[in-house]
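A structural walkthrough
The chain contents come next:
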Amino acid sequence: MATGLSVGIVGLPNVGKSTLFNALTSNEAAASNYPFCTIDPNVGIVEVYDPRLEKLSALSNSKKIVYASMQFVDIAGLVAGASQGEGLGNKFLANIRETDAIVHVVRCFESSDIVHVAGKVDPIQDIEIINLELRLADLQMVDNVLGRLEKQLKTKKELAPTVECLKRAQAHLNENKPIRSLELNGEEQECLLPYPFLSAKKVLYVANVSEDDLPEMNNAFVQQVKVYAEMEGNTVIPICAKLEEEISQLPSTERREFLQSLGLQESGLERLIKASFDMLGLITYLTTGEIETRAWTINGGTPAVEAAGKIHTDIQKGFIRAEVVAYDDMLAYKGRGAAREAGKVRAEGRDYIVKDGDVILFMHH
């Protein structure tokens, strides 16, 4: 997996986390070009569906289409006390440390069939339980690290800025605030880079609703979560996990029709994958030809010479220029040839910042 980007799915027991994960990693949703889609029971590689690729592929008569992909990790159910090793506490915390961002599934439906761990449905309390565990784990880490660094400080004066930063982080956590809300300048961010704070990760909330809430998916519980997320500067995606599981078992040809019959434009999974992609600050540039049409994932703000390295290090080393056409121009002129005649093909140098949807041909020696 070229990008190695992964999103951890967390949630209390019985909130619909596994249902959602199963829908994500069902054979249809999972990325077909990875022979071992589910690497271990709780990791799935999923394609980022992008309708632009089909249109480019039709123009180029490509033999295959390769979508961008990302990795979702089903993090073992978290219970209160995980930071003290309750439940699968330590394994949970280790798994989540390795992910780039968090998708937090919150139960936003009443049901007499599905027991809630706390005995009543209270999405904000659920969010707080998990956020508290992440902060407690962070506090434990920062206390250990500070204990060690303060001893070394006597002989290594250069550690002073790091110790200062960590003390700020510690005070912030002690005020019950996540590290992601701590304002840091560039140098301070550098200081904290070696320490994988869990509460520093970006979060996307999935409000899991029942089928009765379709198509609006905006009940009182969802509204509470939206208000909470807004205060944190995070996003909420309402999804009916049970419906997603049903959709994932349909043949792909029937899915659109089924969604439209429910008054929905796209599946919750598509919205979730897209939002996770955006949350990580990712964009895709496109290449197209007879062999394949493919999306390449890069961070927003990447220069052309680095983007070329995604395809092959040789292209990066021998980079001459990038021939760039905007996706819309490529469609309007039905291909690179006519787009070039219309003056829509630009020759860009090494430092050109690649934009989402650029269709690029790299010249190299």
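Placed above this text is the structure.
Residues numbered from 1 in each chain as written. Predicted model: local features only at pLDDT ≥ 70, side-chain atom pairs only at ≥ 80, totals over all residues. Heavy atoms only, no water.

1. A short note on the environment of Arg321
Stated precisely, the cut-off is as follows: Here a strand is any run of E in DSSP of at least two residues, a helix any run of H or I of at least four, and the numbering for each starts at the N terminus. Only heavy atoms matter for contacts: two residues are in contact if any of them lie within 4.5 Å across the pair.
For Arg321, the position within the fold is in strand E10 (residues 319–326). When the C-alpha positions of Arg321 and Gly349 are compared, they lie 5.1 Å apart, and in sequence the two are 28 residues distant. Setting aside anything within four residues of it in sequence, one finds Arg321 in contact with Ala347, Glu348, Leu361, Phe362 and Met363.

2. Brief notes about the pattern of salt bridges
In plain terms, the rule: Take a side-chain nitrogen of Lys or Arg and a carboxyl oxygen of Asp or Glu: if they are within 4 Å of each other, that pair is a salt bridge. Burial classification: accessible surface area is computed with a 1.4 Å probe over protein chains only, and a residue below 20% of its type maximum counts as buried, one above 50% as exposed, and the rest as partly exposed.
Throughout the structure, instances matching the rule amount to 16 salt bridges. The salt bridge partner of Arg52 is Asp50, with a shortest N-O separation of 2.9 Å. We classify Arg52 as buried; its relative accessible area is 18%. We note a salt bridge from Glu270 to Arg256, for which the minimum N-O separation is 2.8 Å. A residue pair is termed long-range when its members are at least 10 positions apart, and Glu270 in helix H10 (residues 268–279) and Arg256 in helix H9 (residues 252–261) qualify at 14 residues. When its relative accessible area of 34% is taken as the criterion, Arg256 is described as partly exposed.

3. Describing unusual backbone geometry
The omega angle of the peptide bond from Leu214 to Pro215 is -10 degrees, so this bond is cis rather than trans. Positionally, Pro215 belongs in the loop between strand E6 (202–208) and helix H7 (220–232). Non-glycine residue Asn61 carries a positive phi angle of around 50 degrees. Along the chain, Asn61 falls in the loop between helix H2 (51–60) and strand E3 (64–66). A positive phi is found at Met217, a non-glycine position, where the angle reads about 55 degrees. Positionally, Met217 belongs in the loop between E6 and H7. Residue classification places Met217 among the buried residues on the basis of a relative accessible area of 6%.

4. Re the packing of aromatic side chains
The condition that has to hold: What counts as a ring pair is set by centres within 6.5 Å for rings of Phe, Tyr and Trp (its six-membered ring), and what kind of pair is set by the plane angle: stacked under 30 degrees, edge-to-face over 60, tilted for all other angles.
Inspection of every chain in the model, using the stated rule, returns 5 aromatic pairs. With 6.4 Å between their ring centres and 80 degrees between their planes, Tyr205 and Tyr228 make a pair best called edge-to-face. Of this pair, Tyr205 sits in strand E6 while Tyr228 is found in helix H7, placing the two residues 23 residues apart along the sequence. Their ring planes at 85 degrees and their centres at 5.9 Å tell us that Tyr285 and Phe362 sit as a pair that is edge-to-face.

5. Quick word on the sheet that holds strand E2 (residues 43–48)
Sheets are built from strands paired through backbone hydrogen bonds, the pairs being either parallel or antiparallel. Convention followed: Pairing between strands requires that DSSP locate at least two bridges from one strand to the other. In this analysis an axis means a line fitted to C-alpha atoms, helices contributing only their contacting stretch, and an angle means the value between N-to-C directions, from 0 to 180 degrees.
If you trace the 6 strands from one edge of the open sheet to the other, you get E2-E4-E1-E5-E6-E7, paired in mixed fashion. Pairing within the sheet leaves two strands with one partner each, and these edge strands are E2 and strand E7 (235–239). Each adjacent strand pair in this sheet contributes to an overall mean axis angle of 30 degrees, direction not counted. Relative to the sheet, helix H1 (residues 17–24) contacts strand E1 (6–10), E2, strand E4 (68–74), strand E5 (101–107), E6 and E7, its axis offset from that of E4 by approximately 150 degrees.

6. So, the side chain of Ser199
To keep things clear, this is the line we draw: We call two N or O atoms a polar contact when they sit within 3.5 Å, provided that within protein one can donate a hydrogen and the other can accept it, with sequence-adjacent residues counted only if both atoms are side-chain atoms.
One can find Ser199 in the loop between helix H6 (186–192) and E6. Within polar-contact distance, the side chain of Ser199 engages the backbone nitrogen of Ile179 at 2.9 Å. Setting aside residues no more than four positions away along its own chain, Ser199 makes contact with Arg135, Asp138, Leu173, Pro178, Ile179 and Arg180.

7. A short note on H7
Stated formally: Expected span of a helix: the number of residues minus one, times 1.5 Å. Regarding the arc, it is the one traced by the directions from the helix axis to the C-beta atoms.
Taking 1.5 Å per residue as the helical rise, H7 with its 13 residues ought to reach 18 Å, and the 19 Å between its terminal C-alpha atoms agrees with that figure. Every buried residue of H7 is listed here: Phe221, Val222, Val225, Tyr228 and Ala229. Around the axis of H7, the buried residues are gathered within 125 degrees of arc, so they sit on the same side. Looking at H7, the residues exposed on the side facing more than 90 degrees away from the buried face are Ala220, Val227, Glu230 and Met231. Where H7 is buried, its residues meet E5, helix H4 (123–153), E6 and E7. Looking at where H7 begins, the residue whose side-chain oxygen comes 2.9 Å from the main-chain nitrogen of Phe221 is Asn219. Gly233 occupies a position one or two residues after H7 and carries a positive phi of about 80 degrees.

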